[in-house]
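# Reading the structure
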Amino acid sequence: FKKEEKSERALELTATCLRYNPANYTTWWFRRQCLAALSSPSSDSASATSTKSELIFFNPDLIEKDLRLAGAMGGSNPKNYQIWYHRRNLLENLFTECSSKKSDANHTDGMRLVHDELDYIAEVLENDAKNYHAWSHRQWVIKTINQEILWTNEQNFTNDLIVEDIRNNSAWNHRWFVFHRGRKLSHFCINSATSEANYALEKIALDPYNESPWNYMIALVKEQIRWVDANDGISKEVFLTLLNTCHDMSIEVMKGFEESTKKDGKECFHYLSTLIDMLEIKADADSCKQAIGYAEELETRYDPIRKKYWRMRADQLRDKIQE
C-alpha cells in the first residue's frame, strides 16, 4: 500500500485481507485502485485513479470477477455498506455509458451486467426483504440506466413481492419510487394515478388492516391535488373524479369486508384516517363535519392511544368550517 504497488499480487492480497475483515474501507478503496490500474495497463498509474469529478474506468471482465468476489463476501454480510459501495463504484462508469448509448460492445456488456445485478439484488431481498442497502442499490441501478423497459419490469417486480407478502412495506415504497420514475414528484397524470389507486384498493380488499396501501392511495390523491393547485391550466373537476372514486370505493371495499368477516370495518383505523384526509381535501362544511365525526370515533373508541392527535385533527376541521 505504501509503495503504491497496483499489481495482480497486490489485488490478491487485498482479497485475503477482506476475507478477514470485509468492512475495511481502506482495503476496498485500494482494491479499486488496483483494478483501475490493471484495467489500463498501458497508462500511467496516476491516470487510472479518479478525481472527484471523474468516474474510474474498470475493465468489464475485471468488474464481473470482482462482483462475484463481493457477492461471495456479501452472502454472510448482506448489510455491509462497504460491499454495496464497492459494487456501485465498479458499475458506475459502465452503467452511465449504458444510459447514454444504445448499441455497442460496452453497452451489451453493461446491459448484461445490469440484469445480473438486479438478479443478485433480488436474491438478497428474498432472504431479507427489508435490507435498506439492497433497496437503495436497486434504485440506483434502475435510475442510472433509466430505460422504460426496466421501469416496467420493476413495476412487475414490486407486484410479485406484494402478492407474496402484502405487508412488505419496502416493496410498497419501491413501487412509489418506480411510479415516479425516481423523481420526488410525478407529473400530473390522472389516468396513471387512477390506475395506481385502483391497485391499492385491490390490495386493501385483501387486508384492510395493512397500512401501506392506504398510505399509498392517499399519497397519490394528495400529490394530484398539489398539481391542480399549482397549475391553473388543469381542471379541478378531473381531480375531484379521482378523489370521489377513491372515497366511494374505499367505503365499498370496507362494506364488502364487513359482510364477509362480520367485523366492524372501523376497527381498521387506517380506513377512517384515510376518509378524514379525503373529506378534508373536499373542504366543504358537510365533508368537514363528517370528518370530525370520524376523528371523534377514533379518539374515543377505535384509536384511543392517539386520542390527543385525533382531538387536534377535529379542532383543525372545526376551524376550517368557521373560515
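### Notes on the confidence of the model for the chain
- Mean pLDDT for the chain: 88, with 90% of residues reaching 70 or above.
- The low-confidence segment residues 43-53 (pLDDT under 50) makes 8 contacts with residues lying over four places distant or belonging to another chain.

### Considerations on a negative patch on the surface
- A surface patch of like charges, here negative, comprises Asp116, Asp119, Glu123, Glu126, Asp160, Glu164 and Asp165.
- Those elements giving two or more residues to the negative patch turn out to be α5 (105-127) and α7 (148-164).
- When you line up the elements, glutamate 126 lands in helix α5.
- For glutamate 126, a relative accessible area of 68% gives the class exposed.

### Side note on the packing of aromatic side chains
- Evaluation of the coordinates by the stated rule reveals 11 aromatic pairs.
- Plain terms: the ring middles of tyrosine 209 and phenylalanine 257 are 5.8 Å apart, the flat faces sit at 75° to each other, and that makes the pair edge-to-face. Taken together, the residues span a long stretch of sequence, with tyrosine 209 in the loop between α9 (190-206) and α10 (211-230) and phenylalanine 257 in helix α11 (residues 236-261) at a distance of 48 residues.
- By relative accessible area, which is 31% here, tyrosine 209 ends up partly exposed.
- Ring centres of tyrosine 309 and tryptophan 310 lie 4.8 Å apart, and the angle between their planes is 70°; on these two criteria the pair is classed as edge-to-face.
- On the basis of relative accessibility, which here comes to 0%, the residue tryptophan 310 falls in the buried class.
- Three or more aromatic residues link up through ring pairs in this structure, and these residues are Trp172, Trp176, Tyr199 and Tyr216.

How each quantity is defined
Residues numbered from 1 in each chain as written. Predicted model: local features only at pLDDT ≥ 70, side-chain atom pairs only at ≥ 80, totals over all residues. Heavy atoms only, no water. pLDDT = per-residue confidence, 0-100. Contact = heavy atoms within 4.5 Å. Patch = residues over 30% accessible without salt bridge, like charges linked within 9 Å, V, L, I, M, F, W, Y side chains within 5 Å. Areas by Shrake-Rupley, 256 points an atom, 1.4 Å probe, with all protein chains shown as cover. Salt bridge = Lys/Arg side-chain N within 4 Å of Asp/Glu carboxyl O. Lys, Arg positive; Asp, Glu negative; His and termini not counted. Charge placed at Lys NZ, Arg CZ, Asp CG, Glu CD. Helix = DSSP H or I, 4+ residues; strand = E, 2+ residues; numbered from the N terminus. Buried < 20%, exposed > 50% of the residue type's maximum accessible area, 1.4 Å probe, protein only. Phe/Tyr/Trp six-rings, centres within 6.5 Å; stacked < 30°, edge-to-face > 60°.

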